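Each chain is listed here by its residues.
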Amino acid sequence: MSGLSAMLLAAGRGERLRPLTDRCPKPLIEVAGRPLIEHALDRLADAGVDRCVINLSWLGGQIREHLSRHWRWDMACVFSDESSGRLETGGGIFQALPLLGETPFLLVNGDVWSDCPLPPLARLARDWPAGRLGHLVLVDNPSHNPDGDFSLRADGRLGRDGARLTYSGLAVLHPRLFAACRPGAFPLLPCLLQAIEAQALSGEHYGGAWTDVGTPERLHQLRRQLDGPA
């Protein structure tokens with residue numbers, strides 16, 4: 001499989017956004033006049049992604065139908081169906097690996113809005129350092145995650161000691177990160193912690209706009225930020 005692949009995570013239930021997500025999957029929630037997933041696809045296409053894999057579970061048929069009617073991006077689209085059971089982030093990525101290929105791929109959370117430029121991540125994926133298993137974009141800690149997730153060392157590697165930043169949901173991962181995994185549901189974090197132990201996980205800090213659209217309050221704040229007061 002040639003070209004640059006990306007995985008767009010779109011299978012989440014969106015529990016904290018209920019009742020809004022009882023009938024609308026979170027990636028189809030609109031900000032700035034368009035669904036969140038379309039903003040993400042715009043940026044992936046601008047980064048030169050050739051193939052986008054989108055995982056589907058909760059109300060996934062709505063996402064599939066919407067994109068089939070509105071697809072306008074110059075890249076292939078493939079769906080990874082998780083309707084038989086929730087796989088969590090790690091299990092969902094693992095299931096999609098045959099669709100992503102054997103080279104590093106971009107990973108984007110479908111419920112995150114950010115203006116972080118993706119072309120530098122695409123260039124990193126194409127010119128991948130030997131021995132690296134992943135590269136994460138970190139942001140300043142929001143109020144809902146004050147303690148952060150990972151520390152960023154002076155050499156660009158990630159750790160867990162010292163002051164931490166928050167994982168943004170944007171990353172480049174190598175399929176080898178999942179070499180010891182087995183099919184089924186599992187989180188991504190243990191894979192990342194193993195890569196840290198192997199000193200094979202790097203990162204960067206992004207200080208620009210970023211929102212994890214996980215609650216009605218954050219959604220409202222993002223809409224006001226992008227659209228202005230009603």
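Model, not experiment: these values are computed from the prediction. (Residues numbered from 1 in each chain as written. Predicted model: local features only at pLDDT ≥ 70, side-chain atom pairs only at ≥ 80, totals over all residues. Heavy atoms only, no water.)

Novice: Before we go on, may I ask you to explain the state of the cysteines in this structure?
Specialist: Disulfides are covalent bonds that link the sulfur atoms of two cysteine residues. In total, this model carries zero disulfides according to the counting rule given. Left without a disulfide partner, C52 is nearest to the cysteine sulfur of C77, which lies 5.9 Å away. By relative accessible area, which is 0% here, C52 ends up buried. No disulfide involves C191; its nearest neighbouring cysteine sulfur is the one of C181, lying 3.7 Å away. (Disulfide = S-S within 2.5 Å. Buried < 20%, exposed > 50% of the residue type's maximum accessible area, 1.4 Å probe, protein only.)

Novice: I tried to follow the confidence of the model for the protein on my own but got confused; where do I start?
Specialist: It should be kept in mind that the predicted coordinates are not to be read in detail where pLDDT is low. Of the residues in the protein, 97% have a pLDDT of 70 or more, and the chain-wide mean is 92. Mean pLDDT values over the elements of the protein span from 82, in helix α1 (residues 20-23), up to 98, in strand β8 (residues 134-139). (pLDDT = per-residue confidence, 0-100. Helix = DSSP H or I, 4+ residues; strand = E, 2+ residues; numbered from the N terminus.)

Novice: Please clarify how the pattern of salt bridges should be interpreted in this entry.
Specialist: Across all of its chains, the model carries nine salt bridges by this definition. Across the pair R13 and D22 runs a salt bridge whose closest N-O atoms are separated by 3.0 Å. Residues D155 and R157 are paired through a salt bridge, measuring 3.7 Å at the closest nitrogen-oxygen approach. Classification of D155 by relative accessible area gives exposed; the value is 55%. Through salt bridges that share partners, R34, E38, D42 and R72 make up one connected network. (Salt bridge = Lys/Arg side-chain N within 4 Å of Asp/Glu carboxyl O.)

Novice: Would you mind going over the environment of T211 with me for this structure?
Specialist: Looking at the element boundaries, T211 is found in strand β13 (residues 210-212). Once the C-alpha coordinates of T211 and L17 are considered, the two residues, 194 residues apart in sequence, prove to be 14 Å apart. Setting aside chain neighbours within four positions, we find T211 in contact with D111, V112, W113, R218, L222 and Q225. (Contact = heavy atoms within 4.5 Å.)

Novice: Explanation requested: the packing of aromatic side chains in the structure shown.
Specialist: Two measures describe an aromatic ring pair: the distance that separates the ring centres and the angle between the ring planes. Scanning all chains against the criterion turns up two aromatic pairs. Seen from the ring of W58, R13 lies directly overhead, with NZ or CZ sitting 3.8 Å from the centre. (Phe/Tyr/Trp six-rings, centres within 6.5 Å; stacked < 30°, edge-to-face > 60°. Lys NZ or Arg CZ within 6 Å of the ring centre and 35° of its normal.)

Novice: What is the right way to read the sheet that holds strand β12 (residues 201-206) from this model?
Specialist: Backbone hydrogen bonds are what pair the strands of a sheet, in a parallel or an antiparallel way. Taken in spatial order, the seven strands line up as β5-β4-β1-β6-β11-β8-β12 in an open sheet, and their pairing is mixed. The open sheet has two edge strands, β5 (76-81) and β12, and neither has a second partner. Between one strand and the next, the sheet's axes are offset by a mean angle of 25 degrees, whatever the strand orientation. Sheet analysis places strand β6 (residues 105-109) next to strand β11 (residues 166-173), joined by four bridges and oriented antiparallel. When the sheet's bridge partners are listed, F105 is paired in β11 with L173. Running at roughly 150 degrees to strand β4 (residues 51-56), helix α3 (residues 60-70) makes contact with β4 and β5 of the sheet. (Pairing = 2+ DSSP bridges. Axes fitted to C-alpha atoms, helices over the stretch in contact; angles between N-to-C directions.)

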